[in-house]
Amino acid sequence: MPRAGPPAVHLIDASYFVFRAYYSVGLEMVDGDGQPVNALYGFGRFLGDLLEAARPAHVAVAFDESLATSFRNEIYPAYKKNREPAPPELKRQFALCRELCRLMGVAEFGSPTHEADDIIGTIATRLRAAGHRAVLVTRDKDLAQLVRDGDHYWDYAGERRFAYADIEGQFGVRPERIADFLALTGDSVDNIPGVPGVGPKTAAALLSAFASLEELYDGLDRVGSLPIRGAGKLAAKLEEHREAAYFARRLTVIACDMPLEFSLETLLRRKPDLPALDAFYDRHRFGPALRRQAERLAAQ
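Residues numbered from 1 in each chain as written. Predicted model: local features only at pLDDT ≥ 70, side-chain atom pairs only at ≥ 80, totals over all residues. Heavy atoms only, no water.

## Some details on the pattern of salt bridges
A full pass over the atoms with the stated rule returns 22 salt bridges. Of the charged contacts in the structure, one is a salt bridge between Glu65 and Arg98, with a shortest N-O distance of 2.2 Å. Here the residue Glu65 occupies a position in the loop between β2 (58-62) and α3 (71-75), and Arg98 occupies one in helix α4 (residues 88-103), the gap between them amounting to 33 residues. For Glu65, a relative accessible area of 42% corresponds to the partly exposed category. (Salt bridge = Lys/Arg side-chain N within 4 Å of Asp/Glu carboxyl O. Helix = DSSP H or I, 4+ residues; strand = E, 2+ residues; numbered from the N terminus. Buried < 20%, exposed > 50% of the residue type's maximum accessible area, 1.4 Å probe, protein only.)

## A short note on the nonpolar core
The nonpolar side chains of soluble globular proteins are, as a tendency, buried together. Residues Ile123, Leu184 and Leu238 are the most contacted members of the largest nonpolar core, which totals 51 residues. Top contributing element to this core by residue count: helix α5 (residues 116-128), with six residues. The residues contacting Ile123, other than those within four sequence positions of it, are Leu11, Ala60, Phe109, Leu260, Phe262 and Leu267. Judged by nonpolar contacts, the second largest core, of 37 residues, contains Leu40, Val61, Leu96 and Cys101. (Core = buried A, V, L, I, M, F, W, Y, C linked by side-chain atoms within 4.5 Å. Contact = heavy atoms within 4.5 Å.)

## A closer look at the sheet that holds strand β4 (residues 134-137)
Taken in spatial order, the six strands make up an open sheet running β3-β2-β1-β4-β5-β6, and their pairing is mixed. With partners counted over all chains shown, the strands left at the sheet margins are β3 (107-109) and β6 (160-163), one partner each. Sheet twist, expressed as the mean angle between neighbouring strand axes with direction ignored, is 20 degrees. Relative to β4, strand β1 (residues 9-13) is paired through four bridges, and the arrangement is parallel. (Pairing = 2+ DSSP bridges. Axes fitted to C-alpha atoms, helices over the stretch in contact; angles between N-to-C directions.)

## Quick word on helix α2 (residues 38-54)
Look at α2: 24 Å from first C-alpha to last across 17 residues, which is about the 24 Å you get at 1.5 Å a residue. The buried count for α2 comes to 12 of 17 residues, which makes it a mostly enclosed element. All of the buried residues along α2 are Asn38, Ala39, Leu40, Tyr41, Gly42, Phe43, Gly44, Phe46, Leu47, Gly48, Leu50 and Leu51. Directly beyond the C-terminal end of α2, a positive phi value near 50 degrees is found at Arg55. (Expected span 1.5 Å × (residues − 1).)

## With respect to the environment of Val137
Tracing the backbone shows Val137 in strand β4. With 73 residues separating them along the chain, Val137 and Phe210 place their C-alpha atoms 29 Å apart.

## Describing unusual backbone geometry
A positive phi angle is found at Lys80, which is not glycine, with a value near 60 degrees. Relative to the helices and strands, Lys80 resides in the loop between α3 and α4. The phi angle at Glu159 is positive, at roughly 55 degrees, despite the residue not being glycine. Positionally, Glu159 belongs in the loop between β5 (152-155) and β6.

## Remarks on the pairing of β2
The buried count for β2 comes to five of five residues, which makes it a mostly enclosed element. With burial as the criterion, each face of β2 is covered, one bearing His58, Ala60 and Ala62 and the other bearing Val59 and Val61. As paired elements, β1 and β2 share five bridges and run parallel to each other. Opposite Leu11, over in β2, you have Ala60 as the bridge partner. Bridge count for β2 against β3 is three bridges, and the pairing is parallel. What sits directly across from Ala62, in β3, is Phe109.

## Some words on the pairing of β4
Residues Ala134 and Leu136 of β4 are buried on one face, and the alternating residues Val135 and Val137, pointing to the opposite face, are buried as well. Bridge count for β4 against β5 is three bridges, and the pairing is parallel. Residue Leu136 lies in a different strand from β5, and its bridge partner there is Tyr153.

## Some remarks on the environment of Asp33
With respect to the helices and strands, Asp33 occurs in the loop between α1 (14-24) and α2. By relative accessible area, which is 71% here, Asp33 ends up exposed. With 39 residues separating them in the primary sequence, Asp33 and Arg72 have C-alpha atoms 37 Å apart.

## Description of the packing of aromatic side chains
Scanning all chains against the criterion turns up 17 aromatic pairs. The interplanar angle of 85 degrees and the centroid separation of 5.1 Å between the aromatic rings of Tyr16 and Phe17 together place this pair among those described as edge-to-face. The exposure class of Tyr16 is partly exposed, given its relative accessible area of 26%. When the ring of Tyr153 is compared with that of Phe171, the centres are 5.4 Å apart and the planes differ by 65 degrees; the resulting orientation is edge-to-face. (Phe/Tyr/Trp six-rings, centres within 6.5 Å; stacked < 30°, edge-to-face > 60°.)

Next comes the structure, spelled out in structure tokens:
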């Protein structure tokens, strides 16, 4: 159970849940103009269910606006270029999901230069200094690097929660070492190359013996004696790709110091704006389920 103290702040990584809704709710769900609203409806169900079940006092929803325009694309133009662009019928629904958050009384954020991960990392880091814990609502392994003592990584879709001590068993290394881990292995999802031939098991073994990329490269002479398959040739391979590993970490580490205006008060969950929600749901031809849920949330 979460420890006592200042209230935990729920930080929601929206993109996964919007995409999940888009592909699980049929495109036949359309508004009065014939525009698909399936992702909007599915995201609304997710958000309402989470708010109703968890009753968070403070919450923020982070959206990705910068798939091709983030500072990481400036560092490495091929970053995430392996991904197909979102279909037009989905892109317009992201803006609607942000509008829905506001009508539901929930703070939402996006940035043309930073990703949702960076927004979440910046909020979590600033509030941690004031003693607040974070509940990271996501399925993105990258965000596990933010977990510290008292925080939780909540795989909401998988109905699993991980505390700080659980992260290594789930992802292979401690939270503080995940960015280094991904720098060594690479991350095919984000099109980040790593050190050739270094897979998850090897990277986990290295980062069990060394606390960081810096410590690893300062101690390459010790790598050959580690109980790792192919250890005898591993030090030379790491040395050959030293620059690539450090370059990759510039992409894998979450920026926790981006410019972002917010306060704990702005993250305080407000009651849903029921009249505005009714008009919003009418516009998108939604039935009574989300309306009744909003009424229950307003009465909490």
